[in-house]
Amino acid sequence: MTGISEVSFAAAETEDQPRIRRGPLPYILLAVGTLVILTGAWIGLFVAPAETFQGNTQRIMYIHVPTAWAAMLALMFAFVSSFAYLFNGKWAWDARLEASIEIGTLLALLLCIQGSIWAKPTWGVWWDWDPRLTTSAVMVFAFAGILALRKFVEEPGRRATWSAVATIVAFIDVPVVYFSVNWWNSLHQTQSTVGNIAPAFRVPLYTSAIGFVILLTGLIMLRARTSEIRLSEEIAPPLEPVASVGGIRS
Amino acid sequence: MQLAATLRKEILLQWRTRSQIAAVFIFGATSLLLFSFSIGPNSEALRLYAPGFLWLGLLLSSTLTLSESFHLEMEERALEGLLLLPASDRSLYYGKAIANAFQLTLLGIALIPVMVVLYDAGTTRIPAMIGVIILGAAGLSAPGTLYTAMTSQLRSQQTLLPLLLFPLVVPVLLAAVKATSLIILGDPMGQARSWIILLIAFDAIYWSLCGLLFGRVVED
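Residues numbered from 1 in each chain as written. Chains lettered and ligands numbered in written order. Predicted model: local features only at pLDDT ≥ 70, side-chain atom pairs only at ≥ 80, totals over all residues.

What follows concerns the overall build of chain A. Counting secondary structure elements, chain A contains 8 helices and 0 strands. The secondary structure elements of chain A, listed N-terminal to C-terminal, are α-α-α-α-α-α-α-α. Within chain A, buried positions represent 36% of all 250 residues. Put simply, 82% of the contacts in chain A that link residues at least 6 apart link residues at least 24 apart. (Helix = DSSP H or I, 4+ residues; strand = E, 2+ residues; numbered from the N terminus. Buried ≥ 20, exposed ≤ 12 C-beta atoms within 10 Å, placed from the backbone. Contact = placed C-beta atoms within 7 Å.)

Pasting the structure below:
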């Protein structure tokens, strides 16, 4: 009885074998992204004027703000990949989920570090319990937990489903954490938007942001390939011939 | 009907393993005792931090309660048997989550006298206090039950459950500590209400979301 259900289950799961993608696109994106970020950094460091109140300290904004945007984008993509995996069960979405959580968590960690570097000269402290700082830290820990979960689950189907579920649960928590910490304490300066940034600062900021998005896309594509290769090694070849020999068809 | 049956089963199991509940209570009380050593014998500071200690004690104890709730299901592959029954996954989840919330509420109520004695943090607003404990326990139990369903099937559950659960319940901890603190130390501005609303919102989100996702976690 159990044998039949196991065979048909395995056959159903291997219908979509992970496809190993090749091609130079991610490498091109990595190179272009790095070049654009370097250009943005160069404009930010040497061309854009120093800010009136913060002086040179403000220049970290050209990296810090794009890091925040890229981290959010990566984690949002992880959220979308989780839904996609739960709905269509294609391995490619699990590979994308793994890639985007890993890169999103790393970017969120970098965000906290850059924030601390900026906070020390500006606020006089390395850390402050302001909503955005605290939310980023909670995000790092929440998504690092999901990465740990992935390491501990050996069966690929289960690992994919569980991490998709955990990603949805953790992602929905982000606005709630932000809101609750906002109530608790608030000090961070208002969000950087087009409206409150002087035109001279916009060029390096947007150049850098575009570079980050290109680099992020390349990194996720490349990392997803690594996951696909590992998945294809973990998943046994289709069981269809074996199943039909025994007279069992799914 | 199915929910009532699962809930009955859970409560019966909890009753039969009540020595475990007593052990968790002793663990919680010991944590409260230990927290006071981190502050020193400063009665004013202890009273000020009492709500935080109470909720940290409850949060730490919750991992024991939650893992115990799935421990029995893993023996003799009982969970598979339960899934074969003509009952929906959802009723299984809600039965377990309600039973866990119930047990955590009892634990929280039992820890109040310990807090009062150790930290001199008493209050006459008992119904409000119990209300906050119920809402907080529900907030810990909803995602906790979902995550325990995953981690109990793994070898390293002791490490993974807190790793997944603790960052997620930051809003519960914040709101519950704030509300408890306002109840104990006085609430001249009437702020407790907004923290209670936050707890209710968290509970509403996670009780519905985790109920929807539970089926995917146990189906294989």
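Across its full length, chain B carries 9 helices and 0 strands. Ordered by position from N to C terminus, the α and β elements of chain B give α-α-α-α-α-α-α-α-α. Counting only C-alpha atoms, chain B reaches 55 × 30 × 30 Å along its principal axes. Counting contacts in chain B only where the partners sit at least 6 residues apart, residues at least 24 apart contribute 83% of the total.

Quick look at the packing of helix H8 (residues 170-185) of chain B against helix H9 (residues 192-218) of chain B now. Residues and elements named next belong to chain B. Relative to each other, H8 and H9 sit at 150°, their axes nearing to 9 Å. It follows that H8 is roughly antiparallel to H9 by the angle criterion. Taken as a pair, H8 and H9 cross one another with a handedness that is left-handed. Judged by residue contacts, Pro171, Val172, Ala175, Ala176, Lys178, Ala179, Leu182 and Ile183 of H8 engage Ala192, Trp195, Ile196, Leu198, Leu199 and Phe202 from H9. Per-class residue counts for the contact of H8 with H9 are 13 nonpolar, no polar and 1 charged. (Axes fitted to C-alpha atoms, helices over the stretch in contact; angles between N-to-C directions. Parallel < 35°, antiparallel > 145°, perpendicular 65-115°, else oblique. Left-handed = near helix turned anticlockwise from the far one by under 90°. Nonpolar A, V, L, I, M, F, W, Y, C, P; charged D, E, K, R; others polar.)

Moving on, we come to the environment of Cys210(B). Along the polypeptide, Cys210(B) turns up in helix H9. Considered as a pair, Cys210(B) and Leu168(B) are 42 residues apart in the sequence and their alpha carbons are 13 Å apart. The residues touching Cys210(B), leaving out its near neighbours within four places in the chain, are Val169(A), Tyr93(B), Ala142(B), Pro143(B), Thr145(B) and Leu146(B).

With that settled, the discussion passes to the nonpolar core. Among the nonpolar cores identified, the biggest contains 120 residues, and Ala74(A), Val169(A), Leu164(B), Ala179(B) and Leu199(B) are the most heavily contacted of them. Looking at this core element by element, the count peaks at 13 residues for helix H3 (residues 61-88) of chain A. Contacts of Leu164(B), omitting those with residues within four sequence positions, involve Gly145(A), Leu149(A), Ala166(A) and Tyr147(B). (Core = buried A, V, L, I, M, F, W, Y, C linked by C-beta atoms within 7 Å.)

Listed by partner, the interface residues are 23 residues for chain B and 24 residues for chain A. Taken together, the elements giving at least two residues each to the side of chain B that touches chain A come down to helix H6 (126-151), helix H7 (157-168), H8 and H9 of chain B. It is H9(B) that provides the largest number of residues to the side of chain B that touches chain A, a total of 8 residues. Split by residue class, the side of chain B that touches chain A holds 20 nonpolar, 1 polar and 2 charged.

All names here are of chain B. Positioned with a positive phi, Asp120 is a non-glycine residue whose angle comes to about 55°. Take Asp120: it is sitting in the loop between helix H5 (89-119) and H6. The class of Asp120 is exposed, set by 12 C-beta atoms lying within 10 Å.

Residues and elements named next belong to chain A. Overall, the predicted model of chain A reaches an average pLDDT of 81, with 81% of residues at or above 70. In this model residues 1-15 is a low-confidence stretch, pLDDT under 50, and it forms 17 contacts with partners more than four residues away in sequence or in other chains. Predicted confidence is poor over residues 243-250, with pLDDT under 50, and the contacts of this stretch with residues over four places away or in other chains come to 12 contacts. (pLDDT = per-residue confidence, 0-100.)

The next thing to look at is the environment of Tyr93(B). All names here are of chain B. One can find Tyr93 in helix H5. Overall, Tyr93 belongs to the buried group, with 25 C-beta atoms counted inside 10 Å. Once the C-alpha coordinates of Tyr93 and Val218 are considered, the two residues, 125 residues apart in sequence, prove to be 9.9 Å apart. Residues in contact with Tyr93, not counting those within four places in the same chain, are Thr145, Cys210, Gly211 and Phe214.

A few words now on the confidence of the model for chain B. The predicted model of chain B averages 89 in pLDDT, with 100% of residues at 70 or higher. Predicted complex metrics record ipTM = 0.87 and pTM = 0.84.

Two quantities define a packed helix pair, namely the angle between the axes and the distance from one axis to the other. H8(B) packs onto helix H6 (residues 156-184) of chain A with a crossing angle of 30° between their chain directions and a minimal axis gap of 9 Å. In terms of axis orientation, H6(A) runs roughly parallel to H8(B). Judged by the sense of rotation from one axis to the other, the crossing of H6(A) with H8(B) is left-handed. On H8(B), the residues touching Val176(A), Val177(A), Ser180(A) and Trp184(A) of H6(A) are Val170(B), Pro171(B), Leu174(B) and Ala175(B). Tallied by class, residues from the contact of H6(A) with H8(B) come to 7 nonpolar, 1 polar and no charged.

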